[in-house]
Amino acid sequence: MSAVLDSVTPHVKRTDFGENEAAMEQYRTERTKQALSLPNRGPIELGSDGKLAKHIVEAFREYGFYIFKGVVSADELDDLERDVTDILDRAPIAPDAKVDRHGNPAIAHDCEGRSFRLVKPLSDPLGGSKANFGRHQIKMDEPEIPEGAPDWVVQVLLGPLQHSDAHLRYYGHPGLLTIVAGLNGDDFTPFNETLWIKHARLGGSVSWHQDGWTHWDSPELDEGTHGFNTMLQLYGCDAKNGLWVVPGSHRNGKLDIRTMTDELGSDRLPDAVPLICDPGDIAVTNRQAVHGSFANTSDRPRVSITMGFHRRRSVLNVRSGGVHNPVSLYDDAYIRHRSRLIMYGIDARRQKYPDEQSYCYQPLAHEADSYTWNEDARKDIHDYNLNDIGI
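Small disclaimer: the values here were computed from a predicted structure and weren't measured.

A. Quick look at the overall build of the protein. A count of helical and extended segments in the protein gives eleven helices and 14 strands. Expected size for 391 residues packed as a compact globule is a radius of gyration near 21 Å; at 20 Å, the protein falls within 12% of this value. Overall size of the protein, expressed as C-alpha extent along the three principal axes, is 60 × 50 × 40 Å. Every one of the 391 residues in the protein was classed for burial, and the buried ones make up 59%.

B. A look at the pairing of strand β12 (residues 302-310). Counting buried positions over the nine residues of β12 gives nine, a clear majority of the element. Examined bridge by bridge, strand β5 (residues 189-198) and β12 share eight bridges and lie antiparallel to one another. Bridge pairing in β12 places Lys198 opposite Arg302. Pairing between strand β7 (residues 228-233) and β12: six bridges, direction antiparallel. Bridge pairing links Thr230 to Met307 in β12.

C. Local environment of the side chain of Ser205. The topology assignment puts Ser205 in the loop between β5 and β6 (206-209). Classification of Ser205 by relative accessible area gives buried; the value is 2%. Not counting residues within four places of it along the chain, the set of residues in contact with Ser205 comprises Ser123, Asp124, Pro125, Met140, Gln155, Lys198, Ser293, Phe294 and Ala295.

D. Representation of the nonpolar core in the model. In this structure, Phe68, Phe116, Tyr170, Phe188 and Leu275 are the most contacted members of the largest nonpolar core, which totals 78 residues. Apart from the residues lying within four places of it in its own chain, the contact partners of Phe68 are Gly42, Pro43, Ile44, Leu52, Ile56, Ile179, Asp281, Ile282 and Val284. One finds Phe17, Met140, Trp208 and Ala239 within the second-largest nonpolar core, a separate group that totals 16 residues.

E. Looking closely at the pattern of salt bridges. Tallied over the full model, the rule gives 27 salt bridges. In this structure, Glu58 and Lys54 form a salt bridge, with 3.9 Å as the shortest nitrogen-oxygen distance. Note that Glu58 and Lys54 are positioned in helix α3 (residues 54-63) at a spacing of four residues, about one turn of the helix. On the accessibility criterion, Glu58 (44% relative accessible area) is partly exposed.

F. Structural detail: the packing of aromatic side chains. Here the structure, examined in full by the defined rule, presents 15 aromatic pairs. For the ring pair Trp208 and Phe294, a centre distance of 5.9 Å and an interplane angle of 90 degrees mean the geometry is edge-to-face. Taken as a pair, Trp208 in strand β6 and Phe294 in the loop between β11 (291-293) and β12 lie far apart in primary sequence, 86 residues in all. Grouping residues by exposure puts Trp208 and Phe294 together as buried. Centre to centre, the rings of Phe228 and Phe309 are 6.4 Å apart; their planes meet at 50 degrees, and the pair counts as tilted. Residue Phe228 is located in strand β7, and its partner Phe309 is located in strand β12; the two are separated by 81 residues in the primary sequence. Members of the aromatic cluster, joined through ring pairs, are Phe60, Tyr171, Phe188, Phe228, Phe309, Tyr359 and Tyr361.

G. Representation of helix α7 (residues 174-184) in the model. With respect to burial, α7 is a largely interior element, ten of its eleven residues being buried. Inspection of α7 places Pro174, Gly175, Leu176, Leu177, Thr178, Ile179, Val180, Ala181, Leu183 and Asn184 among the buried residues, and these make up the whole buried set. Following α7 by one or two positions, Gly185 adopts a phi angle in the positive range, close to 95 degrees.

H. Looking closely at the environment of Ala149. Checked against the element boundaries, Ala149 lands in the loop between α5 (131-134) and β4 (153-158). Sequence spacing of Ala149 and Ile67 is 82 residues, and the spatial spacing of their C-alpha atoms is 33 Å.

I. Main features of helix α8 (residues 257-264). N-cap assignment for α8: the residue whose side-chain oxygen lies 3.3 Å from the backbone N of Arg258 is Asp256. In the stretch just after α8, Gly265 is the one whose phi turns positive, near 75 degrees.

Thresholds applied
Residues numbered from 1 in each chain as written. Predicted model: local features only at pLDDT ≥ 70, side-chain atom pairs only at ≥ 80, totals over all residues. Heavy atoms only, no water. Helix = DSSP H or I, 4+ residues; strand = E, 2+ residues; numbered from the N terminus. Rg over C-alpha atoms; globule rule 2.2 N^0.38 Å. Buried < 20%, exposed > 50% of the residue type's maximum accessible area, 1.4 Å probe, protein only. Pairing = 2+ DSSP bridges. Contact = heavy atoms within 4.5 Å. Core = buried A, V, L, I, M, F, W, Y, C linked by side-chain atoms within 4.5 Å. Salt bridge = Lys/Arg side-chain N within 4 Å of Asp/Glu carboxyl O. Phe/Tyr/Trp six-rings, centres within 6.5 Å; stacked < 30°, edge-to-face > 60°. Polar contact = N/O pair within 3.5 Å; in protein donor to acceptor, adjacent residues only side chain to side chain.

Here it is as structure tokens:
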């Protein structure tokens, strides 16, 4: 762990999964080997048409996830780390608190939209609950909380683009947006943005689930209907602290995860594999795939800077919401308004990296001059995630 993040990280003794630790270790080893054998990792490659290479698109469609290697530079990761550290330093001390650990107003204290989610150390707060339309069907194994652990740890910050210029600049990264366009088309739309924190020895689990809820019964459902999440790994991730995915499950419709685990007598799904990433890698995961993560009992934190995206045809004129944003009609005006964050990200990045070739976002390219990143724009994006596009 970096000394920068270490300054805001609680320190406790190591813990493990108790009587299940040996089985967990064998499971991690076997499934890591399987993950690394799959042909779905490598650098960004473009075809002769300038779009994402065909073999990458096909692998993503086959397995439901892809690891893009070495997309973000070390210098940019350092910028992001500084902002992440500041966010954690100024985070609320409890779920309903308005102050940080210094007694000052916490980040997002004046936001109406959803922001921080704090969890009990090593817990699975959503598993088996009715939250998020009941998609977290089972409760994950919860290790014993180590002595000296805090009452709460930060797991999630929603709407991070308004709290971190480094996040906003990354949102306009030409590599990231080229990946998105290659998988969702040039007219792609935003979904939402999330900063995920899995603290070393304290990070909670996220029960196995599939993300979508709107289109499962649609006759037009296909493997890409509910979009995908891109996850930039600040420190890398492995089988102990990372997200796990069941390859190919995104093509099988809505699955009964409770029955799957009841038959096993365990939360260790036999076909799942962990995302194995280095710092600067971007993992792209289909939201329809079965995925989840175990409590992080390791000595390594995971910080995933997550940006979600949709195909325009999946969201245009759809009424949905209720998880990430209020229920809304996603008409053209709504989508264009939410998409301004992409334009602000592109311009903020242009100002920071003037020698880099900026990405051209086609839906708003004709009015690019209207989106200059400045103090007025900063005020404009306050509470922007009230207009997320959840389906």
